[in-house]
Amino acid sequence: MTATDPSADSQEARRFRTLFLSDLHLGTRGLQAELLLDFLRHHDAETIYLVGDIVDGWRLKNGWYWPQSHNDVVQKLLRKARKGARVIYVPGNHDEFARDYAGMVFGGVEVTETDVHETADGKKMLVIHGDQFDIVVRHARWLAFLGDWAYELALFLNIWNNRIRRLFGVGYWSFSAWAKLKVKKAVNFIGDFEETLAAEAARRGVDGVVCGHIHHATIRRIGDMLYVNTGDFVESCTAVAEHSDGRFEILHWRTTAQERVAAAQEDTGAAAPARAAA
């Protein structure tokens, strides 16, 4: 297999003990599928957690959208399972249909409502999508659907904004993520969500929580609890990795490896005439 084969795993892939991915939203135009595929080619792990909203059932009900790149993502994850990675799928609210299959295994992918992951240094982490603690999702679904529509509009603006940025050689930037963090109520919601999930982890007698849902990647301590949010591959294009010593790290993947190589070559080419002139 060549390096340009989209099904090929990179020989230079970074390998971790565990990878946590959430909020891919397969089946929507918002998914940064090219970036996600590139990320999966360059990262491997013994265990891969899919922490909810992997497939967007809400959007697919309203209209089918499933390009080849989304199929490639599914095939890439299944291929990692076939090659020996343990893949655990913890559904969220957009793919809540999958919760009906908790306890089953499909193509090597284990489905479970929640899980407790033990890190290399002995910490026990509750793995949960987090929508169960979102009051709007639980008690005002009509408002959640309305918010989802507005969010889809913001993502549409993201797509065109970043197409223009790429034409000018400028990196990825999320309009929707920027707007969300500028709205005081959204910032307050994020803070409340984090506190609630940390409290749930404490109630369950574990050392922390790994979740998704709010598309806001972070690793921080809340009291005695370690709070980890994976972010998403719609706005921030992030995942979380556990190293062999149990340490967590947020991985940002806003440009593909090919784009980084091309940029480095351009920089080298531009530097050569300057050295000659000197």
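The structure this text deals with has already been given above.
Here the structure is a predicted model, which is why all the values come from computation and not from measurement.

A separate point is the overall build of the protein. Scanning the protein for helices and strands turns up 8 helices and 12 strands. A buried classification covers 48% of the 278 residues belonging to the protein. Counting every atom, the protein has about 14,100 Å² of accessible surface; 56% of that belongs to carbon and sulfur.

Relative to the helices and strands, Thr238 is located in strand E11 (residues 238-242). The exposure class assigned to Thr238 is buried, which follows from its relative accessible area of 0%. At 2.9 Å, the side chain of Thr238 forms a polar contact with the backbone oxygen of Thr230. Of the polar contacts made by the side chain of Thr238, one reaches the side chain of Ser236; its length is 3.2 Å. Once residues lying within four places of it in the same chain are set aside, the contact partners of Thr238 are Ala217, Thr230, Gly231, Asp232, Phe233, Ile250, Leu251 and His252.

What follows is about the sheet that holds strand E7 (residues 124-127). An order of E6-E7-E8-E10-E9 is seen for the 5 strands of this open sheet, with the pairing classed as mixed. Each end of this open sheet is capped by a strand with a single partner; those strands are strand E6 (115-118) and strand E9 (218-222). For this sheet, the mean angle separating the axes of adjacent strands, direction not counted, is 25°. Across 4 bridges, strand E8 (residues 208-211) lies against strand E10 (residues 225-229) in parallel orientation. Among the inter-strand pairings, Val209 is bridged to a residue of E10, identified as Tyr227.

Quick look at the packing of aromatic side chains now. A complete count under the given rule lists 6 aromatic pairs for this structure. Through a chain of ring-to-ring contacts, the aromatic side chains of Phe20, Tyr49 and Phe248 assemble into a single cluster.

Bridge analysis of E11 against strand E12 (residues 248-252) gives 5 bridges, and the strand direction is antiparallel. Within E12, the position partnered with Val240 by the bridge is Ile250.

Our focus in this paragraph is the pattern of salt bridges. Under the criterion given, the structure shown has 11 salt bridges. The partner of Arg41 in a salt bridge is Asp38, and the shortest N-O contact between them spans 3.9 Å. With Arg41 and Asp38 both in helix H1 (residues 33-42) and 3 residues apart, this pair spans about one turn of that helix. The pair Arg41 / Asp38 is uniform in exposure class, with both members buried. Glu200 is the salt-bridge partner of Arg203, the closest N and O atoms lying 2.8 Å from each other. Highlighted residues: Arg203 and Glu200, both in helix H7 (residues 184-203), separated by 3 residues, approximately one helical turn. When salt bridges with common partners are traced through the structure, they connect Glu200, Arg203 and Arg204 into a single cluster.

All right, on to the side chain of His215 then. By the element assignment, His215 lies in the loop between E8 and E9. Under the relative-accessibility criterion, His215 is labelled buried at 8%. A distance of 3.3 Å separates polar atoms of two side chains, one belonging to His215 and the other to His25. Only 3.1 Å separates the side chain of His215 from the side chain of Glu235, close enough to count as a polar contact.

On to the packing of H1 against helix H3 (residues 68-82), then. The packing of two helices is summarised by the inter-axis angle and the distance between the axes. In contact at an axis separation of 9 Å, H1 and H3 are set at 20° when each is read in the N-to-C sense. Between H1 and H3, the crossing angle belongs to the class labelled roughly parallel. In the crossing of H1 with H3, the sense of the turn from one axis to the other is left-handed. Contact with H1, carried on its side by Ala33, Leu36, Leu37, Leu40 and Arg41, involves Ser69, His70, Asp72, Val73, Lys76, Leu77 and Lys80 of H3 and no other residues of that element. Classifying every residue of the contact of H1 with H3 gives 6 nonpolar, 2 polar and 4 charged.

Counting 33 residues, the largest nonpolar core has Leu19, Leu21, Leu36, Phe39, Ile48, Leu50 and Phe233 as the members making the most contacts within it. Counting residues per element, this core draws most heavily on H1, at 6 residues. In this structure Ile48 touches Leu19, Leu21, Lys80, Ala85, Arg86, Val87 and Ile88, once residues within four positions along its chain are discounted. Listed in part, the 14 residues of the second largest apolar core include Leu126, Cys211, Ile214 and Met225.

Definitions and cut-offs
- Residues numbered from 1 in each chain as written.
- Predicted model: local features only at pLDDT ≥ 70, side-chain atom pairs only at ≥ 80, totals over all residues.
- Heavy atoms only, no water.
- Helix = DSSP H or I, 4+ residues; strand = E, 2+ residues; numbered from the N terminus.
- Buried < 20%, exposed > 50% of the residue type's maximum accessible area, 1.4 Å probe, protein only.
- Areas by Shrake-Rupley, 256 points an atom, 1.4 Å probe, with all protein chains shown as cover.
- Polar contact = N/O pair within 3.5 Å; in protein donor to acceptor, adjacent residues only side chain to side chain.
- Contact = heavy atoms within 4.5 Å.
- Pairing = 2+ DSSP bridges.
- Axes fitted to C-alpha atoms, helices over the stretch in contact; angles between N-to-C directions.
- Phe/Tyr/Trp six-rings, centres within 6.5 Å; stacked < 30°, edge-to-face > 60°.
- Salt bridge = Lys/Arg side-chain N within 4 Å of Asp/Glu carboxyl O.
- Parallel < 35°, antiparallel > 145°, perpendicular 65-115°, else oblique.
- Left-handed = near helix turned anticlockwise from the far one by under 90°.
- Nonpolar A, V, L, I, M, F, W, Y, C, P; charged D, E, K, R; others polar.
- Core = buried A, V, L, I, M, F, W, Y, C linked by side-chain atoms within 4.5 Å.

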